[in-house]
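Residues per chain are reported as follows:
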Amino acid sequence: MQPQQKKTLTLLLALGLVFFAVFIPANLTGAQDAGMLALFEVDEYAQFPHVMNMLTPGDGFYQSLRNFLIYLHYFYGYPFYFFSALALLPVKLLLGADWTAQVPLIMVSLRQVINVLPMLAALGLLVYIQTKFKSAWRSAGLFALLAIIPAVTLNNLWWHPDSLVFFFIILTFFFLDRDDLQFGWNFTLAAAACGLATGTKHLGLFFALAIPLYLLWGVLEKRLTWSGALGKAALFVAVMAAAVVASNPLLLLPQERAEIIAVQQRQVIQTGTGIFIANQEGFFDQGYPADLRMHYGELAFLLLGFGGLALGLRNPQKRRLHALILAWMIPMTAIILTSGTRRTHYFLPVLLPLFSCLLEWFPEQGWFAGQTERAALWARRALTGLAAVIVLGQAALFLRTDVDIYTQTLTREQTSPSIAFADKLEQNVFARIVLDRQLVVYRDWRIYLPPSPERRVEMNWDLATEPYMRDLNPDVIVLERENVALFSKDETVAQAVNPGDMQALHDFYAAAGADQLPGYLQVYSDSFGVALMREGLVDQMQILFE
């Protein structure tokens, strides 16, 4: 590495350290206990017990090893849980026997190490691929711009596999770029990185166009023969498959493999159609989506990114890189736009590489350098100036949105309607109940009911139905007002992914919302939630409810 590259690397490391530190205070919030995780990120709540179980000692070495390997939450690959468990090992060793109660420290470790750190590393690699660290200002500017995109900020504020899988994707690009059509060890390492991306969250499969294009480029550049290209393709697939299996060792166990496949099939169906309600609206039916504008920028900024991609395709020194980025974007964008679930973080692996192409508007030597015609020179300067105005204006909008997102996260415990509802519920309902047995309570996903020895709280991922309630036989039922409003509508059944299952949800929530649920009475409600209590318990306690 040349001295200038070392200086640039040092600068980016310093910037990265600042960004890493900034997220620590916000990532300490929303995690006073494990139940609070469901209020703000229900995915974190679903994942939390599994990573904790991985680090729970069993009866002997075999059971402990089994706990660490068989993580049970097969919606994501083992690399996500493996690195999450590694991130928690120092926390466990430092805090000792009481470590499981320190949920804020556990969650800040997971959010910082599994989301913030891999994202910053991926952005650094992406900047290196584009600039080779030859220019400090271009490298630092691109890094800072990518780091303040609101979708990146949001992704830095939870614990999820997206940053990790994005790092593996950019690592694949990095090794392909280093290989430079030599088809040596870097090509093999690219296949391994692609396998890790696949084994973490399937995303390595979206190199289905980029890798054939890279091989074709090798043939056209006479670096490979056609038979050699087929051999290298087979090598890439073999190494990629080996990396998937090596990073997901449970695939070698027939019983666990069958369960993993079943869970993944269900997830593919849910992603394609929706979880409860079928998404029948096209992504751009209402024009440029507001959520995309907020998280990735105005349409002019997006188009400027595509303009940078086009400029890169015209640049002989950067053509192959930008062609690979385009080939990577096409299949993944097609899947996202036709999926039944709408989450803007899905676009991170697509739009961040696209926005890295913005650098083509600001080349190191000046893209109007060497022009002799005065008109052409001024035209290109004007375009560069316009690009600078758009980028700087969008950066200002990004920062404003980032401040709002960060502030809301920092204060989310104080402003949470679910926590406010829980406080009122404690005062108006639970504080007035005295039983000689443990109370049984059902709650919807985002209802906050802190752990208590006086009550057993149950939650169902499939939500509430009358048959489920008959089996559970709860004393108190606590529902989200949003669910009551949604599932009480008659049209919800017709719009459902599975109308038969939705009918049961509709019948229950409609009855509960109208205070006509057999055997229960509404005892408290506000704009966030509704609480119902068994009629006999209400009579027995002789409680006056407001």
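Rules of the game
- Residues numbered from 1 in each chain as written.
- Predicted model: local features only at pLDDT ≥ 70, side-chain atom pairs only at ≥ 80, totals over all residues.
- Heavy atoms only, no water.
- Helix = DSSP H or I, 4+ residues; strand = E, 2+ residues; numbered from the N terminus.
- Rg over C-alpha atoms; globule rule 2.2 N^0.38 Å.
- Buried < 20%, exposed > 50% of the residue type's maximum accessible area, 1.4 Å probe, protein only.
- Contact = heavy atoms within 4.5 Å.
- Areas by Shrake-Rupley, 256 points an atom, 1.4 Å probe, with all protein chains shown as cover.
- Lys, Arg positive; Asp, Glu negative; His and termini not counted.
- Charge placed at Lys NZ, Arg CZ, Asp CG, Glu CD.
- 1 Å grid on protein atoms, 1.4 Å probe; cavity = no way out; pocket = protein on both sides within 12 Å on 5 of 7 lines; lining within 4 Å.
- Points joined across faces, edges and corners; volume = space filled by probe spheres on them.
- Nonpolar A, V, L, I, M, F, W, Y, C, P; charged D, E, K, R; others polar.
- Patch = residues over 30% accessible without salt bridge, like charges linked within 9 Å, V, L, I, M, F, W, Y side chains within 5 Å.
- Salt bridge = Lys/Arg side-chain N within 4 Å of Asp/Glu carboxyl O.
- Expected span 1.5 Å × (residues − 1).
- Bend = angle between axes of the 7 residues up to and from the residue.
- Polar contact = N/O pair within 3.5 Å; in protein donor to acceptor, adjacent residues only side chain to side chain.
- Axes fitted to C-alpha atoms, helices over the stretch in contact; angles between N-to-C directions.
- Parallel < 35°, antiparallel > 145°, perpendicular 65-115°, else oblique.
- Phe/Tyr/Trp six-rings, centres within 6.5 Å; stacked < 30°, edge-to-face > 60°.

Draft legend 1. Structural view of the overall build of the protein. Of the regular secondary structure elements, the protein holds 25 helices and 5 strands. Its C-alpha radius of gyration of 27 Å places the protein within 12% of the 24 Å reference for a compact globule of 546 residues. Its C-alpha atoms give the protein principal-axis dimensions of roughly 90 × 55 × 50 Å. Expressed as a percentage of the 546 residues in the protein, the buried residues total 50%. Taking as baseline every contact in the protein between residues at least 6 positions apart, the subset at least 24 positions apart corresponds to 72%. With the model as given, the accessible surface of the protein reaches about 25,200 Å², and the carbon-plus-sulfur share is 63%. Of the side-chain charges in the protein, 38 are positive and 44 negative, and the distance between the mean point of each set is 15 Å.

Draft legend 2. Structural detail: unusual backbone geometry. Positive phi, normally seen in glycine, also occurs at Phe133, with a value near 60°. Locating Phe133 in the fold gives a position in the loop between α6 (103-131) and α7 (136-147). Of note, Lys222 is a non-glycine position whose phi angle comes to about 60°, a positive value. Examined against the element boundaries, Lys222 turns out to sit in the loop between α11 (210-220) and α12 (226-247).

Draft legend 3. Spotlight on the layout of surface pockets. Empty space within the second largest pocket amounts to approximately 800 Å³. In terms of lining, the second largest pocket is formed by 30 residues, of which the most central are Asn315, Pro316, Gln317, Lys318 and Glu360. Looking at the lining of the second largest pocket element by element, the count peaks at 4 residues for helix α16 (residues 319-338). Considered class by class, the residues forming the lining of the second largest pocket number 11 nonpolar, 6 polar and 13 charged.

Draft legend 4. Highlighting a nonpolar patch on the surface. A cluster of nonpolar residues, Ile24, Leu28, Leu94, Leu95 and Leu105, forms a patch on the protein surface that exposes about 420 Å² of accessible area. Within the element layout of this structure, Ile24 appears in helix α1 (residues 3-27).

Draft legend 5. Focus on helix α5 (residues 78-95). Given a rise of 1.5 Å per residue, 18 residues ought to cover 26 Å, and the 25 Å separating the end C-alpha atoms of α5 matches this to within 8%. Along its length, α5 shows its largest kink, about 30°, at Leu88, and proline Pro90 lies within four residues downstream of that point. Taken residue by residue, α5 has Tyr78, Pro79, Phe80, Tyr81, Ser84, Ala85, Ala87, Leu88 and Val91 as its buried positions. Buried residues along α5 sit in contact with α3 (42-54), α4 (61-69), α6, α9 (162-179), α10 (185-201) and α12. Directly after α5, the chain includes Gly96, whose backbone phi takes a positive value near 80°.

Draft legend 6. Seen up close, the pattern of salt bridges. Taken as a whole, this structure holds 12 salt bridges when the rule is applied. Residue Arg293 pairs with Glu298 through a salt bridge whose shortest N-O separation is 3.0 Å. For Glu298, a relative accessible area of 31% gives the class partly exposed. In this structure, the salt-bridge partner of Asp475 is Arg534, at a minimum N-O distance of 3.2 Å. Residue Asp475 is found in the loop between α21 (466-472) and β3 (476-480), and its partner Arg534 is found in strand β5 (residues 529-534); the two are separated by 59 residues along the sequence. Linked through salt bridges whose partners overlap, the residues forming this network are Arg437, Asp475 and Arg534.

Draft legend 7. Broad picture of helix α20 (residues 417-428). For α20, which comprises 12 residues, the first-to-last C-alpha distance of 16 Å matches the rise-based estimate of 16 Å (1.5 Å per residue) to within 8%. Of all the positions in α20, only Ser418, Ile419, Phe421, Ala422, Leu425 and Asn428 are classed as buried. Turning to α20, the residues buried within the fold contact α2 (37-40), α19 (412-415), β3, β4 (520-525) and β5. Between the side-chain oxygen at the start of α20 and the backbone nitrogen of Ser418 there is a gap of 3.2 Å, and the oxygen is on Ser416.

Draft legend 8. Quick look at the packing of α11 against α16. At a minimum axis distance of 8 Å, the contact between α11 and α16 shows a crossing angle of 150°. The angle between α11 and α16 falls in the class roughly antiparallel. Here α11 contributes Ala210, Leu213, Tyr214 and Trp217 to the contact with α16, which in turn contributes Arg319, Arg320, Ala323, Leu324, Ala327 and Trp328. For the contact of α11 with α16, a count of residues per class yields 8 nonpolar, no polar and 2 charged.

Draft legend 9. The side chain of Asn186, seen in detail. Positionally, Asn186 belongs in helix α10. If sequence neighbours within four positions are ignored, Asn186 has contacts with Phe175, Arg178 and Asp179.

Draft legend 10. Representation of the packing of aromatic side chains within the structure. Within this structure, the stated rule accounts for 33 aromatic pairs. Taking 6.4 Å as the distance between ring centres and 65° as the angle between the ring planes, the aromatic pair formed by Phe23 and Tyr406 counts as edge-to-face. Of this pair, Phe23 sits in helix α1 while Tyr406 sits in helix α18 (residues 374-410); the two residues are 383 residues apart in sequence, bridging distant segments of the chain. There is no split in this pair, since Phe23 and Tyr406 are both buried. Ring centres 6.0 Å apart and planes at 15° place the aromatic pair Phe187 and Tyr214 in the stacked group.

Draft legend 11. Up close: the environment of Phe183. Take Phe183: it is sitting in the loop between α9 and α10. A residue is classified by how much of its surface remains accessible, and Phe183, at 5% relative accessible area, is buried. Taking the C-alpha atoms as reference, Phe183 lies 8.6 Å from Arg223; in sequence the two are 40 residues apart.

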